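Notes for the structure review
One letter stands for each residue in the lines below.
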Amino acid sequence: MRPPPLSPLSLLSLLLLLGGRGAAAPPADSLSQLPAPRNPKVRLHNAEQVLSWEPVSLSNDTRPVVYQVQHKYRSSSTWYDLSDKVEVNCMNITTTECDFTPKGNSVFLRPEFDTFLRVRAKVDELVSPWLTVPSFQYCRNVTVGPPENIWVTPGEGSLIIRLSSPFDVRAFSATFLYYVHYWEKAGIQQVKGPFRSTSIVLNDLKPLREYCLQIKAQLVCEKGNISRPGHLSNVSCYKTAMDAATKLQQIIVIAVGLFLFLSMLAGACFFLVLKYRGLVKYWFHSPPSIPLQIEEYLKDPAQPILEALDKDSSPKDDAWDSVSVVSFPEKEQEDVLHSTLHQSPGPVQQPVG
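Let me begin by describing the structure that accompanies this report. Everything quoted here is computed from the prediction, not taken from an experiment.

Remarks on the state of the cysteines
The final tally for this structure, using the stated rule, is three disulfides. Through a disulfide, C90 is tied to C98; the S-S separation comes to 1.8 Å. Handedness of the C90-C98 disulfide follows from its S-S torsion of about 90°: it is right-handed. As far as burial versus exposure is concerned, C90 and C98 are alike and both buried. Along the protein, the cysteines engaged in disulfide bonds are linked according to the scheme 1-2, 3-5, 4-6 when indexed in sequence order.

Here's what the structure looks like:
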């Protein structure tokens, strides 16, 4: 049976179809003439989430290169653009990084899900192959820094610690647990925790002892019960204050020591005074002073002070020697004279008459 004749319109369509089959169709990847980006890196530090890569360079081509980033979860087979609709715009960007850090209380990537990212380069209608980044999970791969703004106040045999969390976790549906590593200088390290509060008190410490400590935060994602330990803070040392019993003991010791010191000082002073009594009298003896009249004369020798003193002097003030004549009997007088002659080596004159 012969087929029915074709209409002119059908014949024209058939010719166009045969002509298209005879021509060489361009390959599906004819636009993939750009090299793909290289060395992708995902930075997950605290709340920061950034994908970066090396730029694509074109020789002898000054047209700008732009990049496109897509994402998907392990449970999905569909890739999605990072556009303004998801609050992260990584479509046709000229920079070599895509920042999808949470803004406020909203988070773009689910922290408990395995996430895939891929990036490609574009120049006008030319595109590069996709570069797929290995999967990651924020709660398992994030780097948690140490707590911030650590303030330590020494107490009576205790240390009162106040701190801030490494970053805000409200957008991640997560919490922080804190651990305190502390030790007495040259002692054994101990760990206390976990603490949920940012105000921590270390009790049962020895008074007036120096303790060193480090604090770390552990991120706990509520969904999936996944935890990620953080880094320790820098070492800082503090001296505890004394308690009431230690204060009383110190007051008693100071009082007894002061009493003993004053007693020893008084005894030493008494001994020195006895030993160097003459010297002490000499030190404390007032120096001789010039009479007032002589001092006035030395100031003004023209004044007749000495004559005035002469006139004012009274005869009763003169000093006189008194002589008494004692008579001896004749025999006693001879004995005295004989004794005098024997005692005197010079010649003796006899009385005349």
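A word on the environment of A186
Within the fold, A186 resides in the loop between β12 (174-184) and β13 (190-195). You can call A186 exposed: its relative accessible area is 90%. The spatial distance from the C-alpha of A186 to the C-alpha of C212 is 9.6 Å, given a sequence separation of 26 residues.

Things to note about the packing of aromatic side chains
The description of two aromatic rings rests on the distance between their centres and on the angle between their planes. Scanning all chains against the criterion turns up six aromatic pairs. Both rings, one in F167 and one in F172, keep their centres 6.1 Å apart while their planes meet at 85°; by these two values the pair is edge-to-face. Accessibility classification places F167 together with F172 in one group, the buried group. Ring pairs connect the aromatic residues Y138, F167, F172, F176 and Y178, which therefore count as one cluster. If you follow K72 out to its NZ or CZ, it ends over the ring of W79, 5.6 Å from the centre. Between K216 and the ring centre of Y179, over which it is positioned, the NZ or CZ distance is 5.9 Å.

Topic: the side chain of Q218
Topologically, Q218 is positioned in strand β15 (residues 210-221). Here Q218 falls in the buried class, since its relative accessible area comes to 15%. Looking at Q218, its side chain comes within polar contact range of the side chain of S227, at 3.5 Å.

Side note on the pattern of salt bridges
Summed over all chains, the structure comprises nine salt bridges. One salt bridge connects D114 with R74, and the closest N-O pair in it is separated by 3.1 Å. With a gap of 40 residues between them, D114 in the loop between β6 (97-99) and β7 (115-123) and R74 in the loop between β3 (66-73) and β4 (80-81) connect regions that are remote in the sequence. Where R170 meets D168, a salt bridge forms, and the shortest distance between an N and an O atom there is 2.7 Å. Residues participating in the shared-partner salt-bridge network are E184, K206 and R209.

Side note on the sheet that holds β6
Across the sheet, three strands lie side by side as β1-β2-β6; this open sheet has antiparallel pairing. Each edge of the sheet is formed by a strand with only one pairing partner; in this case those strands are β1 (38-45) and β6. Taken pair by pair, the neighbouring strands of this sheet meet at an average axis angle of 10°, ignoring direction. Sheet analysis places β1 next to strand β2 (residues 48-54), joined by six bridges and oriented antiparallel. Within β2, the position partnered with R38 by the bridge is E54.

Remarks on empty space enclosed by the protein
Counting across every chain of the model gives two cavities of 30 Å³ or more. Reported here for the second largest cavity is a volume of approximately 40 Å³. Along its surface, the second largest cavity is lined by Q49, L109, R110, P111, F113, T115, F136, Q137 and Y138. Here the lining of the second largest cavity is built from residues that sort into five nonpolar, three polar and one charged.

About the criteria used
Residues numbered from 1 in each chain as written. Predicted model: local features only at pLDDT ≥ 70, side-chain atom pairs only at ≥ 80, totals over all residues. Heavy atoms only, no water. Disulfide = S-S within 2.5 Å. Buried < 20%, exposed > 50% of the residue type's maximum accessible area, 1.4 Å probe, protein only. Helix = DSSP H or I, 4+ residues; strand = E, 2+ residues; numbered from the N terminus. Phe/Tyr/Trp six-rings, centres within 6.5 Å; stacked < 30°, edge-to-face > 60°. Lys NZ or Arg CZ within 6 Å of the ring centre and 35° of its normal. Polar contact = N/O pair within 3.5 Å; in protein donor to acceptor, adjacent residues only side chain to side chain. Salt bridge = Lys/Arg side-chain N within 4 Å of Asp/Glu carboxyl O. Pairing = 2+ DSSP bridges. Axes fitted to C-alpha atoms, helices over the stretch in contact; angles between N-to-C directions. 1 Å grid on protein atoms, 1.4 Å probe; cavity = no way out; pocket = protein on both sides within 12 Å on 5 of 7 lines; lining within 4 Å. Points joined across faces, edges and corners; volume = space filled by probe spheres on them. Nonpolar A, V, L, I, M, F, W, Y, C, P; charged D, E, K, R; others polar.

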